[in-house]
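Given next are the chains, with one letter for each unit.
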Amino acid sequence: MKKLLLLALVLPYFLACQPLKSSTIMTTKEINTNWIFKEINGTHSGAATVPGTIHTDLINNGIIQDPFYRTNEKQQQWIDKKDWEYSTLLGITSAEFEKNNITLTFEGLDTYADVFLNDSLILQADNMFRTWEINIKPFIKIGDNDLKVLLHSPIKKGLELLAASPYPYPAINDQSENGEIGDKKVSIFTRKAGYHYGWDWGPRLVTSGIWRPIILQAWNDTRINDVFVKQPKITTEVAELIFDIELQVDEPFSGSVKITNPQTQAVYTSSDVDFKAGVQKITLPFSIENPKLWWSKGLGNPDMYTFNVELTDNEKNNICNKEITTGLRSLKLIREKDDAGESFLFELNGVRVFMKGANYIPNDNFLPRVTKDNYQKVIKDAAEANMNMLRVWGGGIYEDDYFYQLCDENGLLVWQDFMFACSMYPGDDAFLSSIKHEAIDNVKRLRNHPSIALWCGNNEINTAWHYYADGGWGWKELYTPEQQEEIQKAYLDIFHDVLPGVVEKYTDGDDYWPSSPQAGYEPQKHAGYETPAGDMHYWGVWHGQHPFEDFEKYKARFMSEYGFQSFPDFETVKKYTVPEDYDIESEVMASHQRSGIGNLRIKEYMGWDYNTPDDFEQFLYMSQVLQARALKMAIEANRGAMPYCMGTLYWQINDCWPVASWSTTDYYHKWKAAHYAVKKAYEPILITIKAEDKSIVIRGISDRLKDINGTLKLLLLHFNGKEISSKSLQVNMLKNASTMFYEIDKTELLGNANSKSVVLKVEFTAEEGLSTGNLFYFEKPKDLVLEKPTIKTEIAENNGKASLKVTTDKLVRDLYINFPNQSVFLSDNYFDLLPGETKWIELSSQEKLNINDITIQHHQ
């Protein structure tokens with residue numbers, strides 16, 4: 001077996017170009033067929049899928065059962081302690097072999113991988129987030145070549161690193177006990193997705209595998225390695241652009257490079273160039289007059305530009321080209337001192353935008369199972385809920401290119417964490433070097449996406465470690481003063497040196513934020529529930545057992561995390577349980593709840609506001625109603641605090657397995673009650689109704705960029721539909737602001753009405769059919785006097801679309817309409833319906849729907 005190749009053979013990873021000259025046509029193919037896997041020093045083997053993971057290959061070969069079903073996860077902890085080999089035959093044609101350059105690019109190896117080609121060790125990888133390109137020309141032959149990937153156990157490697165460390169590091173979400181290694185937290189030593197080791201919403205399934213594609217490329221002469229579109233000045237009048245182009249040239253030649261519009265063939269700019277052998281960088285500036293700007297959802301179209309970078313020689317032969325798509329926009333984080341403290345807001349194309357969104361985690365524990373359809377669904381879920389931002393959280397992965405493409409196309413901004421969360425990390429030179437190259441790989445890969453709004457160093461480490469003040473999560477107390485200083489140095493090296501250095505060098509002035517939450521850029525600025533700067537994670541509700549009303553009490557400049565849990569609905573729960581599991585305290589239901597306090601915490605909160613049902617299915621439903629109430633109150637509080645607060649990102653939009661969690665859509669992307677509530681609370685125009693002391697206060701909140709004059713109508717209604725009183729007034733809803741419309745004494749408003757039997761309905765209407773509204777109840781849900789309603793449903797056509805018509809004779813609260821075992825999406829659900837109103841719900845389904853199949857649930 002030959003020695004490891006010199007590092008000179010490990011090339012940087014570059015974007016492929018598309019050569020057009022016949023003599024330089026590039027061969028590009030994915031190596032994804034005829035793979036097999038086998039256990040080292042074991043008996044398990046079979047056909048493998050690449051990209052894939054060892055767990056999914058074991059499932060596909062019938063060796064293990066679905067890890068998500070019941071408690072199967074517990075019986076599968078042996079897998080991550082084994083070494084595995086993946087192998088295939090790499091076919092090389094004579095045409096490919098004759099090319100000057102032949103490379104293999106490994107877009108993702110999970111994680112400790114030795115790669116052999118014809119028994120030569122060509123790569124030793126140790127970072128799941130890196131991309132590795134290897135020159136394989138010296139080690140291949142025409143015909144079949146043996147390609148093997150030896151994947152070392154991440155647990156055994158982690159235990160070796162832990163044993164060599166002078167002390168362990170805190171990693172509170174590392175479920176080492178579930179992994180059958182006691183209290184040995186090894187996740188921090190490996191550059192791998194943290195959630196694979198478990199989290200408080202996910203299982204412990206520590207994967208190994210070739211998780212992203214392997215690409216072979218063979219070419220002659222020249223390749224465009226990278227194109228970076230800098231945008232130093234963007235206005236509605238002009239877009240000043242600078243194209244940084246990096247080339248790899250075999251032999252020097254003279255020619256030109258030009259940038260064109262591939263649709264119209266119009267030439268933006270061109271330049272004659274003497275191309276030199278080796279890696280060469282070319283800079284081409286040009287301007288576009290009256291550009292179509294990229295806007296976030298709700299403010300305008302997310303217009304995109306595609307540019308073609310083309311190289312030709314002096315004979316005008318096309319040598320190679322590369323298309324790049326981006327959006328033109330100015331985007332910056334604004335942190336300005338003010339009377340209250342310091343702002344934290346995003347300014348897009350000169351407009352200060354209130355961010356409405358959610359935190360996002362990986363869509364599956366087994367990442368290669370996430371399809372384009374899955375990505376389309378989760379981005380559609382965000383867009384349809386009126387979001388304009390997602391936060392890619394730091395315990396997962398730097399997402400697939402397609403994820404960011406969809407965000408670009410849908411006007412969704414991305415708060416991008418680097419992959420560090422809820423742990424301290426080593427600071428040795430090798431670890432820092434790995435982190436630096438990981439950051440370079442991913443910043444260069446993602447920097448042309450207009451959706452990227454912010455790079456953030458980590459999740460919750462600054463506030464947890466709390467080095468400069470009392471408080472935190474109790475980590476400091478585990479270490480001597482000397483150890484604390486050593487750990488703090490590693491923290492500063494990573495998050496205040498390496499990562500911001502990469503962002504500064506490899507982006508066009510992108511903003512960087514060291515840790516979320518943090519009350520200022522400096523590491524001494526630890527965040528709390530009352531800090532008037534930076535961002536906040538408010539977990540008083542849930543972890544702190546604060547009432548939902550405290551969402552109004554604790555206001556942030558930017559609320560980047562908060563939330564409340566619920567169960568999936570019964571249809572989803574049935575997919576991972578059997579009837580004997582239908583108890584929230586059963587072993588299976590407890591296993592599918594990773595926040596130790598979770599199921600009983602839901603029950604505790606439910607008892608504060610609702611009558612707690614004994615029936616299992618009804619309890620699941622009521623947990624969703626409870627979660628929807630929490631998020632409605634939180635979002636309305638945050639949006640109502642504009643401009644002090646300029647963003648609200650709840651935890652979390654999605655799940656990585658079927659589980660009780662903070663998600664608003666479950667593992668199968670089925671909307672929970674909370675997602676419907678979020679959709680309404682994130683509408684561009686919102687009316688809020690709050691009890692403040694003895695008054696009822698009504699506000700209008702607008703994301704629009706123009707004031708709106710309209711009519712505000714107040715109706716006090718009995719639950720049977722009878723009108724008790726009404727009032728109308730003309731109001732002006734200010735642009736991009738929260739406007740106080742009306743305040744009235746609660747006692748005066750109620751008069752002689754029973755507060756337990758009436759509801760305040762507020763409607764805002766303006767020209768061109770614009771209308772919105774909200775309902776306000778004067779007592780907690782469990783104290784309301786609700787009569788049994790008669791609910792009528794009918795499937796009919798409305799405005800040319802298949803719809804469900806719903807009416808009631810009495811107030812019905814939180815009406816959930818379901819078509820069991822059918823794939824159908826309802827445009828609205830879990831809503832309140834007043835007597836005399838007709839609710840039309842659009843139905844989207846490929847199936848024939850039958851009215852007799854409908855089931856309904858509501859708050860009783």
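Since the structure is predicted, the reported quantities are computational estimates derived from the model, not experimental observations. (Residues numbered from 1 in each chain as written. Predicted model: local features only at pLDDT ≥ 70, side-chain atom pairs only at ≥ 80, totals over all residues. Heavy atoms only, no water.)

Participant: Describe in detail the overall build of the protein chain, supporting the description with residues and values.
Facilitator: Looking only at helices and strands, the protein chain features 14 helices and 45 strands. Relative to the globule expectation of 29 Å for 860 residues, the C-alpha radius of gyration of the protein chain, 29 Å, shows essentially globular dimensions. Reported as C-alpha extents along the three principal axes, the dimensions of the protein chain are approximately 90 × 65 × 65 Å. Looking at the 860 residues of the protein chain, the share that counts as buried comes to 60%. A separation of at least 24 residues holds for 70% of the contacts in the protein chain among residues at least 6 apart in sequence. (Helix = DSSP H or I, 4+ residues; strand = E, 2+ residues; numbered from the N terminus. Rg over C-alpha atoms; globule rule 2.2 N^0.38 Å. Buried < 20%, exposed > 50% of the residue type's maximum accessible area, 1.4 Å probe, protein only. Contact = heavy atoms within 4.5 Å.)

Participant: Talk me through the sheet that holds strand S3 (residues 36-39); I want residue IDs and the actual numbers.
Facilitator: Pairing in this open sheet of 6 strands is antiparallel, and the strands run S4-S3-S5-S11-S8-S9 from one edge to the other. Pairing within the sheet leaves two strands with one partner each, and these edge strands are strand S4 (45-47) and strand S9 (120-125). Each strand axis lies, on average, 20 degrees off the axis of its neighbour in the sheet, ignoring direction. As paired elements, strand S5 (residues 84-92) and strand S11 (residues 143-151) share 9 bridges and run antiparallel to each other. Paired with Glu-85 across the bridge in S11 is Leu-150. (Pairing = 2+ DSSP bridges. Axes fitted to C-alpha atoms, helices over the stretch in contact; angles between N-to-C directions.)

Participant: Which residues make up the nonpolar core, and what values go with them?
Facilitator: Residues Met-387, Phe-403 and Phe-418 are the most contacted members of the largest nonpolar core, which totals 145 residues. Take this core: its biggest share by element is 14 residues, from helix H12 (residues 616-640). Apart from residues lying up to four places away in sequence, Phe-418 is in contact with Gly-394, Tyr-398, Ala-439, Val-443, Trp-455, Cys-456, Gly-457, Leu-499, Val-503 and Tyr-512. In terms of nonpolar packing, the next biggest core, distinct from the first, is built from 47 residues, Val-249, Val-257, Trp-294 and Tyr-305 among them. (Core = buried A, V, L, I, M, F, W, Y, C linked by side-chain atoms within 4.5 Å.)

Participant: Give a detailed account of helix H13 (residues 673-681), specifying residues and quantitative values.
Facilitator: Among the 9 residues in H13, 7 count as buried, and that is most of the element. Listed in full, the buried residues belonging to H13 are Ala-673, Ala-674, His-675, Tyr-676, Ala-677, Val-678 and Ala-681. Close packing links the buried residues of H13 with helix H4 (372-384), H12, strand S31 (647-650), strand S32 (685-692) and strand S42 (824-826).

Participant: I'd like a description of the pairing of strand S34 (residues 708-718), backed by residues and values.
Facilitator: Looking at chain direction, S34 and strand S35 (residues 723-733) are connected through 10 bridges and run antiparallel. Considered in S35, the bridge of Leu-714 is made with Lys-727. In sequence, S34 turns back onto S35 through a hairpin of 4 residues, with Gly-721 there showing a positive phi of about 100 degrees. Sheet analysis places S34 next to strand S37 (residues 758-766), joined by 9 bridges and oriented antiparallel. When the bridges of S37 are listed, Thr-711 appears paired with Thr-765.

Participant: Describe the state of the cysteines, with residues and values.
Facilitator: If you walk through the whole model with that rule in mind, you get 0 disulfides. With no disulfide partner, Cys-422 has as its closest neighbouring cysteine sulfur the one in Cys-456, 12 Å distant. (Disulfide = S-S within 2.5 Å.)

Participant: Break down the sheet that holds strand S23 (residues 351-353) for me, citing the residues and quoting the values.
Facilitator: One open sheet holds the 3 strands; their spatial order is S21-S22-S23, and the pairing between them is antiparallel. In this open sheet, the two strands that pair with only one neighbour each are strand S21 (331-334) and S23. The average angle at which neighbouring strand axes cross in this sheet is 35 degrees, direction not considered. Across 4 bridges, S21 lies against strand S22 (residues 345-348) in antiparallel orientation. For Leu-331, the partnering residue across the bridge sits in S22 and is Leu-348.

Participant: Break down H12 for me, citing the residues and quoting the values.
Facilitator: Taking 1.5 Å per residue, 25 residues should reach 36 Å; H12 reaches 36 Å between its end C-alpha atoms and fits that length. Of all 25 residues that make up H12, 23 are buried, and the element is covered over most of its length. (Expected span 1.5 Å × (residues − 1).)

Participant: Give me the lowdown on the pairing of S37, citing residues and values where you can.
Facilitator: By the criterion of burial, S37 is predominantly enclosed, with 7 of the 9 residues buried. Bridge analysis of S37 against strand S38 (residues 771-777) gives 7 bridges, and the strand direction is antiparallel. When the bridges of S38 are listed, Thr-765 appears paired with Ser-771.

Participant: Would you mind going over the environment of Ser-153 in detail, with residue names and values included?
Facilitator: In this structure, Ser-153 sits in the loop between S11 and helix H3 (154-164). The exposure class assigned to Ser-153 is buried, which follows from its relative accessible area of 1%. Considered as a pair, Ser-153 and Val-206 are 53 residues apart in the sequence and their alpha carbons are 9.2 Å apart. In contact with Ser-153, not counting residues within four places along its chain, are Asp-80, Lys-81, Lys-82 and Asp-83.

Participant: Any chance you could break down the side chain of Asn-818 for me, citing the residues and the numbers?
Facilitator: Here Asn-818 shows up in strand S41 (residues 812-818). Those residues in contact with Asn-818, other than ones at most four positions away along the chain, are Glu-571, Lys-670, Asp-853, Ile-854 and Thr-855.

Participant: So what's going on with the pattern of salt bridges? Residues and values would help.
Facilitator: Taken as a whole and judged by the stated rule, the model has 51 salt bridges. Its salt-bridge partner being Lys-82, residue Glu-39 comes within 3.4 Å of it at the nearest N-O pair. A residue pair is termed long-range when its members are at least 10 positions apart, and Glu-39 in strand S3 and Lys-82 in the loop between helix H1 (54-60) and S5 qualify at 43 residues. Take Glu-39: its relative accessible area is 7%, and that puts it in the buried class. In this structure, Lys-74 and Glu-587 form a salt bridge, with 3.1 Å as the shortest nitrogen-oxygen distance. In this pair, Lys-74 sits in the loop between H1 and S5 while Glu-587 sits in helix H10 (residues 587-591), placing the two residues 513 residues apart along the sequence. Judged by its relative accessible area of 52%, Glu-587 falls in the exposed class. (Salt bridge = Lys/Arg side-chain N within 4 Å of Asp/Glu carboxyl O.)

Participant: Outline the confidence of the model for the protein chain, listing residues and values.
Facilitator: Across the protein chain, the average pLDDT comes to 95, with 97% of residues at 70 or higher. Taken as a whole, residues 1-22 scores under 50 in pLDDT and shows 64 contacts with residues more than four places along the chain or in a different chain. (pLDDT = per-residue confidence, 0-100.)

Participant: Pulling in residues and values, what's your account of the packing of aromatic side chains?
Facilitator: Taken as a whole, this structure holds 71 aromatic pairs when the rule is applied. Taking the centre distance of 5.1 Å and the plane angle of 90 degrees together, the rings of Phe-420 and Tyr-425 count as edge-to-face. One aromatic cluster in this structure is built from Tyr-167, Tyr-169, Phe-189, Trp-465, Tyr-467, Tyr-468 and Tyr-479. A cation over a ring is seen here: Lys-372 above Tyr-402, with NZ or CZ 4.7 Å from the ring centre. (Phe/Tyr/Trp six-rings, centres within 6.5 Å; stacked < 30°, edge-to-face > 60°. Lys NZ or Arg CZ within 6 Å of the ring centre and 35° of its normal.)

Participant: Outline the packing of helix H11 (residues 598-609) against H12, listing residues and values.
Facilitator: Contact geometry of H11 with H12 gives a least axis separation of 10 Å together with a crossing angle of 70 degrees. Classified by the angle between their axes, H11 and H12 sit roughly perpendicular to one another. Contacts between H11 and H12 involve Ile-602, Lys-603, Tyr-605, Met-606 and Asp-609 from the former and Phe-619, Met-622, Ser-623, Leu-626 and Arg-629 from the latter. A class-by-class count of the residues in the contact of H11 with H12 yields 6 nonpolar, 1 polar and 3 charged. (Parallel < 35°, antiparallel > 145°, perpendicular 65-115°, else oblique. Nonpolar A, V, L, I, M, F, W, Y, C, P; charged D, E, K, R; others polar.)

Participant: So, unusual backbone geometry: which residues are in play, and what are the values?
Facilitator: Negative phi characterises most residues that are not glycine, and trans characterises most peptide bonds. With an omega dihedral of 0 degrees, the bond running from Val-50 to Pro-51 counts as a cis peptide bond. Looking at where Pro-51 falls in the secondary structure, it is placed in the loop between S4 and H1. In this model, Ser-516 is joined to Pro-517 through a cis peptide bond whose omega is 5 degrees. Residue position: Pro-517 is located in the loop between strand S28 (512-513) and strand S29 (536-537). One non-glycine residue, Cys-422, lies in positive phi territory at about 55 degrees. As for its position among the elements, Cys-422 is in the loop between strand S26 (413-417) and helix H6 (429-446).

Participant: Mind laying out the environment of Pro-262, listing which residues take part and the relevant values?
Facilitator: Tracing the backbone through its elements, the reader meets Pro-262 in the loop between strand S16 (253-260) and strand S17 (267-275). Distance from Pro-262 to Asn-308, taken between C-alpha atoms, is 5.9 Å for residues 46 residues apart in sequence. Setting aside residues up to four positions removed in sequence, Pro-262 forms contacts with Thr-306, Phe-307, Asn-308 and Glu-323.

Participant: How would you sum up the packing of H4 against helix H5 (residues 401-410)? Please name residues and give values.
Facilitator: Look at H4 against H5: their axes get within 10 Å of each other, and the N-to-C directions meet at 35 degrees. Where H4 crosses over H5, the handedness of that crossing is right-handed. Only Tyr-402, Phe-403, Leu-406, Cys-407 and Asn-410 of H5 make contact with H4, whose side of the interface consists of Lys-372, Tyr-375, Gln-376, Ile-379 and Ala-383. Considered class by class, the residues forming the contact of H4 with H5 number 7 nonpolar, 2 polar and 1 charged. (Left-handed = near helix turned anticlockwise from the far one by under 90°.)

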